[in-house]
Amino acid sequence: YTEYQQRLDLDQELRSQRDAFSRQSRMDPLTELANRRQFGDVLEAATARAKHSGQPLTLLLLDVDHFKQVNDTHGHAVGDACLLAIAARLHNRFHGEGELAARVGGEEFGVVIEGQDLATVMQRAERFRANLVEHPIALGGIVLHMTASIGLAQFDPALHHDVDALYHAADSAVYRAKAAGRNRVCHDAAELEMVEGSP
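Model, not experiment: these values are computed from the prediction.

Before we go on, may I ask you to explain the pairing of strand 7 (residues 184-187) in this structure?
Regular strands have side chains that alternate between both faces of the sheet. Here strand 7 shows no split at all, with Arg184 and Cys186 on one side and Val185 and His187 on the other all buried. As paired elements, strand 6 (residues 148-154) and strand 7 share 4 bridges and run parallel to each other. What sits directly across from glycine 151, in strand 7, is cysteine 186. Tracing the backbone out of strand 6, into helix 6 (residues 163-179) and back to the parallel element strand 7 gives a crossover that is left-handed.

How should I be thinking about the sheet that holds strand 1 (residues 57-64) in this particular structure?
One key point about sheets: their strands pair by backbone hydrogen bonds, in either a parallel or an antiparallel sense. Across the sheet, 5 strands lie side by side as 2-3-1-6-7; this open sheet has mixed pairing. The open sheet is flanked by strand 2 (99-103) and strand 7, the only strands paired with a single partner. Neighbour-to-neighbour, the strand axes of the sheet open up by a mean angle of 15°, direction not taken into account. When strand 1 meets strand 3 (residues 108-114), the two strands line up antiparallel, connected through 7 bridges. If you follow leucine 60 over to strand 3, its bridge partner there is valine 111. Sheet strands in contact with helix 5 (residues 118-134) are strand 1, strand 2, strand 3, strand 6 and strand 7, and its direction is about 170° off that of strand 6.

Please explain the environment of arginine 182 as it appears in this structure.
Among the secondary structure elements, arginine 182 is positioned in the loop between helix 6 and strand 7. With relative accessibility at 30%, the residue arginine 182 sits in the partly exposed group. Each C-alpha atom of the pair arginine 182 and aspartate 65 lies 6.8 Å from the other, and the pair is 117 residues apart in sequence.

Before we go on, may I ask you to explain helix 6 in this structure?
Structurally, the α-helix is built with 3.6 residues per turn, so residues lying three or four positions apart point the same way. Helix length check: helix 6 (17 residues) gives 24 Å between terminal C-alpha atoms against 24 Å at 1.5 Å per residue, within 8%. Within helix 6, the full set of buried residues consists of Val163, Leu166, Tyr167, Ala169, Ala170, Ala173, Val174, Ala177 and Lys178. Buried residues along helix 6 sit against helix 2 (36-53), strand 1, strand 6 and strand 7. Between the side-chain oxygen of the N-cap and the backbone nitrogen of aspartate 164 there are 3.2 Å, and the N-cap of helix 6 in question is aspartate 162.

What am I meant to see in the packing of helix 4 (residues 76-93) against helix 5 here?
Geometrically, a packed helix pair is captured by the angle between its two axes and the distance between the axes. Helix 5 packs onto helix 4 with a crossing angle of 145° between their chain directions and a minimal axis gap of 11 Å. At the point where helix 4 passes helix 5, the crossing takes the right-handed sense. Of helix 5, the residues touching helix 4 (which contributes Ile86, Arg89, Leu90 and Arg93) are Arg124, Arg127, Phe128, Asn131 and Leu132. Its residues placed into classes, the contact of helix 4 with helix 5 shows 4 nonpolar, 1 polar and 4 charged.

For this particular structure, what's the right way to read the side chain of aspartate 28?
The topology assignment puts aspartate 28 in the loop between helix 1 (2-26) and helix 2. Given the relative accessible area of 9%, aspartate 28 is considered buried. A polar atom in the side chain of aspartate 28 sits 2.7 Å from the side chain of threonine 31. Separated by 3.3 Å, the side chains of aspartate 28 and arginine 103 make a polar contact. Apart from the residues within four sequence positions on either side, aspartate 28 is in contact with Leu33, Ala34, Asn35 and Arg103.

Conventions adopted
- Residues numbered from 1 in each chain as written.
- Predicted model: local features only at pLDDT ≥ 70, side-chain atom pairs only at ≥ 80, totals over all residues.
- Heavy atoms only, no water.
- Buried < 20%, exposed > 50% of the residue type's maximum accessible area, 1.4 Å probe, protein only.
- Helix = DSSP H or I, 4+ residues; strand = E, 2+ residues; numbered from the N terminus.
- Pairing = 2+ DSSP bridges.
- Right-handed = clockwise from strand over helix to strand, strands pointing away.
- Axes fitted to C-alpha atoms, helices over the stretch in contact; angles between N-to-C directions.
- Contact = heavy atoms within 4.5 Å.
- Expected span 1.5 Å × (residues − 1).
- Polar contact = N/O pair within 3.5 Å; in protein donor to acceptor, adjacent residues only side chain to side chain.
- Left-handed = near helix turned anticlockwise from the far one by under 90°.
- Nonpolar A, V, L, I, M, F, W, Y, C, P; charged D, E, K, R; others polar.

Here's what the structure looks like:
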């Protein structure tokens, strides 16, 4: 019986370790959001569902403005704490059913949003942008006034033949937001663009 129990305990420990490694392989270690790998897998599956069902799928990409200045001025520990604070806000705003927030690069974040019309997602992105401006990040005695450039693209099978095309469309919208002065939300289609904030 003792040997049998030991085998059960060992099996349970191995399963727990395997589950932990699996979680770690899908999670960004700093922010505990999904990492780029998990983000890519979810976006690919969501795109396949959108193709099949015709339900809306929106990709949101966010780039923290002038983040290098935070690291250069205050050091990487403060920079990491800043990213952690922004990630927590992003998770709080985008954690419903059919939503996944992820860290996809150094100061770049992404959100996959299924089943919501474009106007709703645009409004939610704008509220996030405005909230970041209105509520600076306080870290000990340091107050950081951060802004973000946000790009959106909604999946359209006539325009986006695969996940890469959708990602490129959202990424292009981020660059347009930056070119227009940062601290704003842009859509990949000019006629649907929302430009807010100040340079």
